[in-house]
Amino acid sequence: MPAVKTKRKNPRRPYISVVLPVYNEEDNIRPQYEVIIKALDPLNVSYEVIFIDDGSIDSSPDILRDIANKDRNIKLVIFRRNFGQTAAMSAGIDYASGEIILFMDSDLQNDPNDIGMLLKKMAEGYDVVSGWRKKRMDKLLSRKLPSWVANWLIAKVTGVKLHDLGCSLKAYRSSLLKQVNLYGEMHRFIPVHASWLGAKITEVPVGHHPRKFGKSKVGIIRTFKVLLDLVTVTFLGKYSTKPIYVFGGTGFLLFFLSIFSGITVLLMKITLNQSMTRNPLLLLTVMFIVLSVLFIQIGILAEILIRIYHESQGKPPYSVLETINIRRMR
Ligand code: UDP
Ligand code: MG
C-alpha cells in the first residue's frame, strides 16, 4: 500500500470519499456495492462511499436505502428528479468529506481494484489522477471513435494532455474540487478546470468492463454537446474575467475592416469612377460598421454578466429529496 498518511486532524474525516452517480442501475447497484467494499477494505484507509441517486425511476433508490441503512460507511443522497451525471457528481463533491474524492460509475464498468493504484499516485504528490481505459469495452463507431477525436481536440485546445477525459474513474484532491463549479455536462472537463487552478495531473491505465445490466444513457449526440462545452470551457477559462477582449477585439477588427472597405469604395469612385451605390462593397462597409458596434456592446454586456456570474456563486444545480448517514445538511 502507498505511504498514506493515517494521522489526521479530524478523526471523523475519512481519507477517501468514493462518489458514484446512479441512474436506473437496479441490477448493478448491489454487485457494485459489494465489489467496492471488497476492493476498499484491504487498502487499510478510512473511507466513505457516497451514492447519488440521480432521480432513478426503477428500484435503485430502494436498494440504495437498504444498503445505506445497514452500512454506516455508505452515504446516500437522492435527487427529486434526474439532473444528469454532472449534477450528481457535483452533489458528491458537496457532500464528500474525504481528503481525496474518487469518482466511478455505478454500472460495474470501472474496476474498483484500480483504486489502490490511483491512491498510490496521489500519495506521490499528484492532485489529479485520471483513469485511462486503454482497452475500452464499448462500441467502436458510436463511442470510442468520437471519444478519441474529442480527447485529441480538447488536449489541443486546452493544453491538458489526457487520453481519456470520459473515463469516470478519477481521483482528485478534494480541496481543489471544492473550488470547481460544474454546469451542464461539464464533468469531463473537471481535470481541465483543475489544471487551470494549478493542479499536478497524471494518468494511469485502468481496467474497463462491458456493461452487463441496464443501458448506457449516452449516445452520439453527446459528442456535439462535448464540443460545445469545449467552447464554453475555453472561453470561461481564458476570458472569464475579460470577455471584452474577445467581443471588443472582434468589434475593433470589424471596424478596421469597414474603414478598409469604405476607403476602397471611395478609391474606386475617384480612380475608376465606379458608382458608389452600385458597388456591393458599400453594403459590406455598412455591415461591418453595424456589426462592430454590436460586438462592442455585446462585450460590455458580457462584462456585466461576468461580474454577476462571479459574485452570485453558491447555488447548487440540483435539488435533494433526502439523505442518509449524512450529518451536514445543506
Ligand atoms: N448517470 C447518472 N445520471 C444520468 C446518466 C447517467 O447519474 O443522467 C450515471 C450512470 O448511472 C452511470 C454513470 O452515470 O453510473 C455513467 O453513465 P453511463 O454508464 O450511461 O455512461 P457510459 O459508461 O456509457 O459512458
Ligand atoms: Mg457506463
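Residues numbered from 1 in each chain as written. Chains lettered and ligands numbered in written order. Predicted model: local features only at pLDDT ≥ 70, side-chain atom pairs only at ≥ 80, totals over all residues. Heavy atoms only, no water.

Asker: For this particular structure, what's the right way to read the overall build of the protein?
Answerer: The number of helices and strands found in the protein is 10 helices and eight strands. Taken over C-alpha atoms, the radius of gyration comes to 25 Å for the protein, far larger than the 20 Å a tight globule of 330 residues would show. For the protein, the spread of C-alpha atoms along the three principal axes comes to 90 × 45 × 40 Å. The proportion of buried residues among the 330 residues of the protein is 46%. Counting contacts in the protein only where the partners sit at least 6 residues apart, residues at least 24 apart contribute 81% of the total. Split by element, the accessible area of the protein, about 17,700 Å² in all, is 61% carbon and sulfur. (Helix = DSSP H or I, 4+ residues; strand = E, 2+ residues; numbered from the N terminus. Rg over C-alpha atoms; globule rule 2.2 N^0.38 Å. Buried < 20%, exposed > 50% of the residue type's maximum accessible area, 1.4 Å probe, protein only. Contact = heavy atoms within 4.5 Å. Areas by Shrake-Rupley, 256 points an atom, 1.4 Å probe, with all protein chains shown as cover.)

Asker: Please explain the site of ligand 1 as it appears in this structure.
Answerer: In the region of ligand 1, 18 residues are neighbours, and Glu25, Asp54, Asp107, Ser216 and Lys217 sit closest. Here an oxygen atom of ligand 1 and a side-chain polar atom of aspartate 107 are 2.6 Å apart. Glutamine 109 is positioned such that a nitrogen or oxygen atom in its side chain is 3.0 Å from an oxygen atom of ligand 1. Taking 530 Å² as the accessible area of ligand 1 by itself, protein coverage stands at 94%. Spatially, ligand 1 is embedded in the largest pocket. Classifying every residue of the shell around ligand 1 by side-chain character gives four nonpolar, six polar and eight charged. (Near = heavy atom within 4 Å. Polar contact = N/O pair within 3.5 Å; in protein donor to acceptor, adjacent residues only side chain to side chain. 1 Å grid on protein atoms, 1.4 Å probe; cavity = no way out; pocket = protein on both sides within 12 Å on 5 of 7 lines; lining within 4 Å. Sits in = over half its atoms within 2 Å of the grid points. Nonpolar A, V, L, I, M, F, W, Y, C, P; charged D, E, K, R; others polar.)

Asker: I'm lost on the pattern of salt bridges in this one. Help?
Answerer: When charged atoms on two side chains of opposite charge get close, those side chains can pair. Taken as a whole and judged by the stated rule, the model has 12 salt bridges. Across the salt bridge formed by glutamate 48 and lysine 75, the nearest N and O atoms sit 2.8 Å from each other. On the criterion of sequence distance, the pair formed by glutamate 48 in strand β2 (residues 47-53) and lysine 75 in strand β3 (residues 74-79) is long-range, its members being 27 residues apart. Glutamate 48 sits in the buried class, given a relative accessible area of 2%. The exposure class of lysine 75 is buried, given its relative accessible area of 17%. Salt-bridge contacts for aspartate 164 lead to arginine 133; the nearest nitrogen and oxygen are separated by 2.8 Å. Highlighted residues: aspartate 164 in the loop between α5 (140-158) and β6 (170-173) and arginine 133 in the loop between β5 (128-132) and α5, separated in sequence by 31 residues. (Salt bridge = Lys/Arg side-chain N within 4 Å of Asp/Glu carboxyl O.)

Asker: Help me understand unusual backbone geometry in this model?
Answerer: With glycine set apart, most residues show a phi of negative sign, and most peptide bonds adopt trans. Phi angles above zero are rare outside glycine, and asparagine 24 is one such case at about 50°. Structurally, the position occupied by asparagine 24 is in the loop between β1 (16-22) and α1 (29-40). By relative accessible area, asparagine 24 is classed as partly exposed at 21%.

Asker: Explain empty space enclosed by the protein to me, please; I cannot follow it from the model alone.
Answerer: In this approach, a probe sized like a water molecule rolls over the atoms, and the result shows the empty space that is left. Tallied over the entire structure, the rule returns one cavity of 30 Å³ or more. Considering the residues around the largest cavity, the lining is formed by Gln85, Met89, Phe103, Leu165, Cys167, Ser168, Lys170, Tyr172, His187 and Arg188. Secondary structure elements with two or more residues in the lining of the largest cavity: α3 (85-95) and β6. Taken together, the residues that form the lining of the largest cavity break down as five nonpolar, three polar and two charged. (Points joined across faces, edges and corners; volume = space filled by probe spheres on them.)

Asker: Just to check I follow, could you spell out the coordination of the magnesium ion (ligand 2) for this structure?
Answerer: Metal coordination angles in their ideal form are 109.5 degrees for the four-donor tetrahedron and 90 or 180 degrees for the six-donor octahedron. The coordination sphere of the magnesium ion (ligand 2) contains the protein donors Asp107 (OD) and Gln109 (OE1), at a distance range of 2.0 Å. Per residue, the accessibility class of aspartate 107 equals that of glutamine 109, and both read buried. (Donors = N, O, S within 2.8 Å, 3.2 Å for Na, K, Ca; no water.)

Asker: Quick question: what am I supposed to make of the sheet that holds strand β7 (residues 201-205) here?
Answerer: Strands in a sheet are paired, the pairing made by backbone hydrogen bonds, and the direction either parallel or antiparallel. Reading across from one edge, β7-β5-β6-β4-β1-β2-β3-β8 is the order of the eight strands in this open sheet, with mixed pairing throughout. Each end of this open sheet is capped by a strand with a single partner; those strands are β7 and β8 (320-324). When the angles between neighbouring strand axes are averaged without regard to direction, this sheet yields 20°. Two strands pair when backbone bridges link them, and β3 and β8 are joined in this way by four bridges, in the antiparallel orientation. Bridge pairing links phenylalanine 79 to valine 320 in β8. Strand contacts of α1: β1, β2 and β3, with the helix running at about 165° to β1, the strand carrying the most contacts. Taken strand by strand, helix α2 (residues 60-70) contacts β1, β2, β3 and β8, and its axis lies near 150° from that of β3. (Pairing = 2+ DSSP bridges. Axes fitted to C-alpha atoms, helices over the stretch in contact; angles between N-to-C directions.)

Asker: What's the story with the pairing of β1 in this structure? I'm lost.
Answerer: Residues in a regular strand project their side chains so that they alternate between the two faces of the sheet. In terms of burial, β1 is a largely internal element, seven of the seven residues being buried. The alternating pattern of β1 places Ile16, Val18, Leu20 and Val22 on one face and Ser17, Val19 and Pro21 on the opposite face, and all of these are buried. As paired elements, β1 and β2 share seven bridges and run parallel to each other. Across the sheet, the residue bridging to serine 17 is glutamate 48, located in β2.

Asker: Just checking my understanding: could you explain the packing of α5 against helix α8 (residues 221-239) for this structure?
Answerer: Any two packed helices are characterised by how steeply their axes cross, that is the angle between the axes, and by the distance between the axes. One way to put it is that α5 packs onto α8 with a least axis distance of 10 Å and a crossing angle of 10°. With respect to α8, the element α5 is oriented roughly parallel. Where α5 abuts α8, its residues Arg143, Pro146, Ala150, Leu153, Ile154, Val157 and Thr158 lie against Arg222, Thr223, Val226, Leu227, Leu230, Thr234 and Lys238. For the contact of α5 with α8, the class distribution of residues is eight nonpolar, three polar and three charged. (Parallel < 35°, antiparallel > 145°, perpendicular 65-115°, else oblique.)

Take it as geometry only, folks, not as evidence of what the structure does.
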